Amino acid sequence: MEWLSETDIAALVDRDLALEAVEAVFMAMDAGEAENFPVVREAIGYQEALYGFKSGFDRNAMTLGVKAGGYWPHNGEHGLANHQSTVLLFEPETGQCSALVAGNHLTALRTAAAAATSIRHLAPTGARVLGILGAGHQARWQLEAALDVGAFTEVLAWNRRPERMQALEAIAERRGCGFRAVSLPELGEASDVIITITSSFAPLLTEAHVVGPTHIAAMGTDTVGKQELDPALVARARCFAELPSQSAHLGECQHAVGKGLMATSDIASLGGVIAERVPGREGSELTLFDGSGVGLQDLAVARAALERARVRGRGQRLDLA
Ligand code: NAD
């Protein structure tokens, strides 16, 4: 089997490759060619960590595997990112393990690619102002990927701790965009596209904050109990997801569904929009992509990295025998 380290992933996977792999997975899922298996995600009662497994099989790409890991909120004290994960890929023919792939950088790339895919397909025409809530590890990747797919000229940012937004400001400046740290009401009102990527457990953006024909990529809520948006705001939007059932259970839609403001059947598959099977944005409405993350996205990017590694002679061989 092969071993790809974090350094290998950084060298092998660029944002374009991640976007291509993730968009293909959205379509394979929508076509019923790829399936995510039930997610295991548990609080382990130690270090406040959430630990689990995301696995799946893409019969189209012949990708079978699992991502194991989770979220350790105090890792900053150890100089580590809060998300820690590793991917295992298996041969669909035999079940033999074909690769062990470091998953931290990969997670950030695939999560940003999922949000960027939604922006590419659902942002209002002429979107110029990008708002972002959160300035943690994922936020930088989110910002870079959104700037790849949209013609944004200005970035508005909000973070619970405003002093932590320098990295976002530096990215915006390097990419030729203006940057302003703003209040939540200003961000909601002035942004054409909003990315939410915090670990909040209470609504940050209210219904009154968002007024325009905005697209929101809600990426932070990936667990039961987390929340970034007012349920009334979610219920007002036309909602899209990787997997509507998962979003209704553990994504941002869980709260609006739980309150009876909307039903799971109100959430459409983003893959269906990409495949032009489901209508996307229609005029000046509010759209929401509830991106709670699926294992197949990780596996697809890991698989793309492995294929590139084989071509470039990168990574290490480990003997299983
Ligand atoms: P991080 O710990 O590096 O950063 C957390 C961010 O959330 C910071 O900006 C922090 O200020 C903010 N925050 C924390 N608590 C808050 C609160 N109560 N109110 C407002 N802001 C708060 O984490 P990260 O790696 O950047 O991940 C951010 C979120 O994205 C997490 O919830 C994580 O689980 C989620 N995530 C989702 C996916 C997905 O596929 N959808 C993938 C990776 C991460």
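Please refer to the structure placed before this passage.
1. Details of the pairing of strand 9 (residues 154-158)
Moving residue by residue along a regular strand, the side chains alternate between the two faces of the sheet. Counting buried residues in strand 9 gives four out of five residues, a clear majority hidden from the surface. Sheet topology places strand 8 (residues 129-133) next to strand 9; five bridges connect them, and they run parallel. Looking at strand 9, one finds that V129 is bridged to E154. Judged from the four bridges that link them, strand 9 and strand 10 (residues 178-181) form a sheet pairing that is parallel. Bridge pairing in strand 10 links E154 to G178. Read as a crossover between parallel neighbours, the route from strand 9 over helix 5 (residues 166-174) to strand 10 is right-handed.

2. Overview of the nonpolar core
Nonpolar side chains tend toward joint burial in soluble globular proteins. Grouped together as the largest cluster of nonpolar side chains are 67 residues, with contacts concentrated most on V13, I132 and I195. For I195, the contacting residues outside a window of four places in its chain are I119, L130, G131, I132, L133, Q142, A146, A217 and M219. Of all hydrophobic cores here, the second largest spans 26 residues; its members include V182, A241, C253 and L286.

3. Focus: the sheet that holds strand 15 (residues 238-241)
Whether parallel or antiparallel, the strands of a sheet pair through hydrogen bonds between backbone atoms. The strand order across the open sheet built from eight strands is 10-9-8-11-13-17-15-16, with neighbouring strands paired in parallel fashion. Each edge of the sheet is formed by a strand with only one pairing partner; in this case those strands are strand 10 and strand 16 (267-269). Each strand of the sheet is rotated relative to its neighbour by a mean of 20°, with strand direction disregarded. When strand 15 meets strand 16, the two strands line up parallel, connected through three bridges. Opposite F240, over in strand 16, you have A268 as the bridge partner.

4. Some thoughts on the site of the ligand
The ligand sits among 24 residues. The nearest are Y71, N82, R110, N159 and G291. The contact in question runs from an oxygen atom of the ligand to an N or O atom on the side chain of N82, over 2.6 Å. In isolation the ligand offers 850 Å² of accessible surface; the protein chains occlude 88% of this area. Every element with two or more residues in the shell around the ligand is listed here: helix 3 (104-122) and helix 4 (137-149). Of the residues belonging to the shell around the ligand, the class tally is five nonpolar, 15 polar and four charged.

5. Side note on the environment of A268
Relative to the assigned elements, A268 resides in strand 16. Separated by 64 residues in the primary sequence, A268 and L204 have C-alpha atoms spaced 24 Å apart. Dropping the residues within four chain positions of it, A268 is found in contact with C239, F240, A241, P244 and V278.

About the thresholds
- Residue positions are given per chain, counted from 1 along the sequence in the order it is written.
- With the structure being a predicted model, the display of local features is reserved for residues of pLDDT at least 70 and the display and counting of side-chain atom pairs for 80 or more, all residues being used for whole-chain, interface and lining totals.
- Think of the side-chain values as coming from all heavy atoms in the structure, minus any hydrogens and water.
- Only protein chains enter the accessibility calculation, which uses a 1.4 Å probe; a residue whose area is less than 20% of its type maximum is buried, one above 50% is exposed, and one in between is partly exposed.
- We count a stretch as a helix when DSSP gives it H or I for four or more residues in a row; a strand needs E for two or more, and each element gets its number in order from the N terminus.
- Paired strands, as defined in this entry, are two strands with at least two bridges between them according to DSSP.
- Orient the strands so they point away from the viewer; a crossover is then right-handed if the path from the first strand over the helix to the second runs clockwise.
- Among the buried residues, those of types Ala, Val, Leu, Ile, Met, Phe, Trp, Tyr and Cys that are joined through side-chain atoms within 4.5 Å form a nonpolar core.
- What makes two residues a contact is simply this: any of their non-hydrogen atoms within 4.5 Å.
- Where helices are involved, their axes are fitted lines through C-alpha atoms of the stretch in contact, as for all axes, and angles between N-to-C directions lie from 0 to 180°.
- Proximity is defined per residue: any heavy atom of the residue falling within 4 Å of a molecule or strand makes that residue near it.
- Polar contacts, as used here, are pairs of N or O atoms within 3.5 Å; protein pairs need one atom able to donate a hydrogen and one able to accept it. Residues neighboring in sequence count only if both atoms are side-chain atoms.
- Computed with a 1.4 Å probe, the accessible areas rest on the Shrake-Rupley method; for each residue, only the protein chains presented here act as cover.
- Ten residue types, Ala, Val, Leu, Ile, Met, Phe, Trp, Tyr, Cys and Pro, are classed as nonpolar, four, Asp, Glu, Lys and Arg, as charged, and the remainder, Gly among them, as polar.

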